[in-house]
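Each chain is listed here by its residues.
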Amino acid sequence: MTSPSTTASTSVWRRIPLWQKILAGLALGILAGALMGEDASVFKPIGDVFISAIKMLIVPLVFSTLVVGITAMRDPQKMGRIGVRTIGLYLITTAFAIAIGLLASLIFQPGVGLEMSFESGVEAKEAPSLVEILVGLVPQNPIDALANGNILQIIVFAIGLGISLTLIGDKGEPVVRVFESFAEAMVKLTSFVMALAPFGVFGLIAHVSGSYGLEVLLPLAKVIGVAYLASVLHVLIVYSGLLALLGKLNPVRYLQGILDALVVAYSSASSSGTLPVSLRCAQKNLGVSEGVAGFVLPVGATINMDGTAIYQGVVAVFIAQMLGVELSMMDYGMIIVTGTLASIGTAGVPGAGLVMLSIVMAQIGLPLEAIAVIAGIDRILDMARTSVNVAGDLMVTTLVAKSEGELDEGIYNAPGKS
Ligand code: ASP
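Residues numbered from 1 in each chain as written. Predicted model: local features only at pLDDT ≥ 70, side-chain atom pairs only at ≥ 80, totals over all residues. Heavy atoms only, no water.

Labelled according to an unreviewed UniProt entry, the protein chain appears under the name Dicarboxylate/amino acid:cation symporter, originating from Halomonas urmiana. Quoted straight from UniProt, the Subcellular location (unreviewed entry) entry for the protein chain says "Cell membrane". (UniProt positions renumbered as here; feature names shortened; annotations may be inferred.)

What follows is the structure in structure tokens.
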């Protein structure tokens, strides 16, 4: 039998909004790491379980949501418009992001006067060509794409299936209903997994905060500060500005609505892993329709990496400053172009941006070994860039939904979120 005091504490726990519990997990995790140091890694398995649980949701959730969304839209022209707007906004915001990163490093000069030795065996990656990207979009075997979690291929197959189900009319109804019920069940499962978020975030952050001592962080404090500042400015100026100007929407409501996704992105450093949480925030807190969220967010989690773009701008200039290399206007142009491509090619998993940085470095002739200087603290930078990546996906999703009349502003403007 449960005692009255257990029941009372359960209901107190239930009454606290999820975002507050997640933020508390974050704060306590930082504290536990600071107090316990390396020993805080005993909590890491809790974080690992949480990450596995959200990863478990990605493929079935994205696939079913997208099929249901497409069949609900019933208008191929509208889908085309949504596609063009999505890609356009993703590219524009990424270009802004690199520019902000470059400017921040030029103004604050985090690398000037810094002397650090480095050696590493980093090899340059090649940016994938456009043809390769396009050919790779079509799955040879959809089951293989689902099994391997290849999100872009899953999107292509789900769009094809959704359109076909719509075109066959009544005959498609039973399958559509199966997907509807499956998608609903996945949303329910997501809310169960999210109940673990406060503990998962605690475990992940305690481990990270316990494993970075001040002696590794301090020499690089300036570049970390510049990358964080540029990230915050990008969200506050570019995202809030676009929402207010283009969407005529209150940015504060957007920031409140995406909080769960931000904290999960920050602690997991994976935008693909955060996708189930982003989908939930978009629909439940921001009022985006299932169709728009189901298409725009998975595409964004795969190709839209504004935080990664900021990071590439900041770090490329930082390394040039540290090595005393003068960059020309041509080099800056190169950083913008290759940085945008590299960010598109970056997978939404921890540490991917560090590897892609080698593309930008190689383009402007900086020695790849210098990447080793920041490799040791990359997780700290990764957490910030992943949060921006996720915030950008959610901003574009909101704008696209608004422009298509697919945003429920009653939900968007509601004060209590989560
Ligand atoms: N970790 C980032 C993400 O998942 C990618 C990166 O490393 O830049 O969005």
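Okay, back to it.
A. Structural context of the site of the ligand. The immediate surroundings of the ligand are formed by 17 residues, with Ser-271, Thr-308, Gly-353, Asp-382 and Arg-385 found nearest. Within the contact set of the ligand, an oxygen atom lies 2.5 Å away from a side-chain nitrogen or oxygen of Ser-271. Sorting the residues of the shell around the ligand by element identifies α18 (352-363) and α20 (378-403) as the ones contributing at least two each. Examining the composition of the shell around the ligand, we find that four residues originate from one element, α20, more than from any other. Broken down by class, the residue content of the shell around the ligand amounts to six nonpolar, nine polar and two charged. (Near = heavy atom within 4 Å. Polar contact = N/O pair within 3.5 Å; in protein donor to acceptor, adjacent residues only side chain to side chain. Helix = DSSP H or I, 4+ residues; strand = E, 2+ residues; numbered from the N terminus. Nonpolar A, V, L, I, M, F, W, Y, C, P; charged D, E, K, R; others polar.)

B. Quick peek at the packing of helix α9 (residues 197-211) against helix α13 (residues 259-268). For the pair α9 and α13, the least separation of the axes is 9 Å and the interaxial angle reads 35°. As α9 packs across α13, the resulting crossing turns out to be left-handed. On the side of α9, the interface is formed by Val-201, Leu-204 and Ile-205, while α13 contributes Val-263, Tyr-266, Ser-267 and Ser-268. Residues that form the contact of α9 with α13 fall into these classes: five nonpolar, two polar and no charged. (Axes fitted to C-alpha atoms, helices over the stretch in contact; angles between N-to-C directions. Left-handed = near helix turned anticlockwise from the far one by under 90°. Contact = heavy atoms within 4.5 Å.)

C. Representation of the environment of Ser-268 within the structure. Position of Ser-268 among the secondary structure elements: in helix α13. On a C-alpha basis, the gap between Ser-268 and Ile-364 in space is 31 Å, while along the polypeptide they are 96 residues apart. Other than its neighbours up to four places away in sequence, Ser-268 contacts Ile-51, Leu-204, Thr-274, Pro-350 and Arg-379.

D. Inspection of the packing of aromatic side chains at higher detail. Overall, the coordinates contain four aromatic pairs when judged by the stated rule. Taken together, the ring pairs connect Phe-63, Phe-157 and Phe-179 into an aromatic cluster. Its end group placed over the ring of Trp-13, Lys-21 keeps NZ or CZ at 4.5 Å from the ring centre. Sitting over the ring of Tyr-311, Arg-385 keeps its end group 3.9 Å from the ring centre. (Phe/Tyr/Trp six-rings, centres within 6.5 Å; stacked < 30°, edge-to-face > 60°. Lys NZ or Arg CZ within 6 Å of the ring centre and 35° of its normal.)

E. Representation of a nonpolar patch on the surface. A cluster of nonpolar side chains, contributed by Leu-103, Ile-107, Phe-108, Leu-229, Val-232, Leu-233, Leu-236 and Ile-237, occupies part of the molecular surface with about 730 Å² of accessible area. Mapped onto the nonpolar patch, the elements with two or more residues apiece are α4 (76-108) and α11 (221-245). Top contributing element to the nonpolar patch by residue count: α11, with five residues. Structurally, the position occupied by Ile-107 is in helix α4. By relative accessible area, Ile-107 is classed as exposed at 59%. (Patch = residues over 30% accessible without salt bridge, like charges linked within 9 Å, V, L, I, M, F, W, Y side chains within 5 Å. Areas by Shrake-Rupley, 256 points an atom, 1.4 Å probe, with all protein chains shown as cover. Salt bridge = Lys/Arg side-chain N within 4 Å of Asp/Glu carboxyl O. Buried < 20%, exposed > 50% of the residue type's maximum accessible area, 1.4 Å probe, protein only.)

F. Expanded view of the nonpolar core. Among the nonpolar cores identified, the biggest contains 122 residues, and Tyr-254, Phe-318, Ile-335 and Leu-394 are the most heavily contacted of them. No other element matches the 15 residues that helix α3 (residues 44-73) contributes to this core. Setting aside its immediate chain neighbours within four residues, Ile-335 contacts Ile-98, Leu-102, Gly-313, Ala-316, Leu-327, Thr-340, Val-360 and Ile-364. (Core = buried A, V, L, I, M, F, W, Y, C linked by side-chain atoms within 4.5 Å.)

G. Main features of the UniProt feature "transmembrane region" (unreviewed entry) in the protein chain. In the numbering used here, UniProt assigns the feature "transmembrane region" (unreviewed entry) to residues 18-37, 49-70, 82-108, 151-168, 189-208, 220-246 and 355-377. The distance from the first to the last C-alpha atom of residues 49-70 is 32 Å, and the span holds 100% helix and 0% strand.

H. Looking closely at α20. The end-to-end C-alpha distance of α20 is 37 Å, a good match for the 38 Å that 26 residues give at a rise of 1.5 Å each. The buried fraction of α20 amounts to 23 of the 26 residues, a majority that puts the element mostly inside the structure. Positive backbone phi, at 65°, marks Gly-405, one or two positions downstream of α20. (Expected span 1.5 Å × (residues − 1).)

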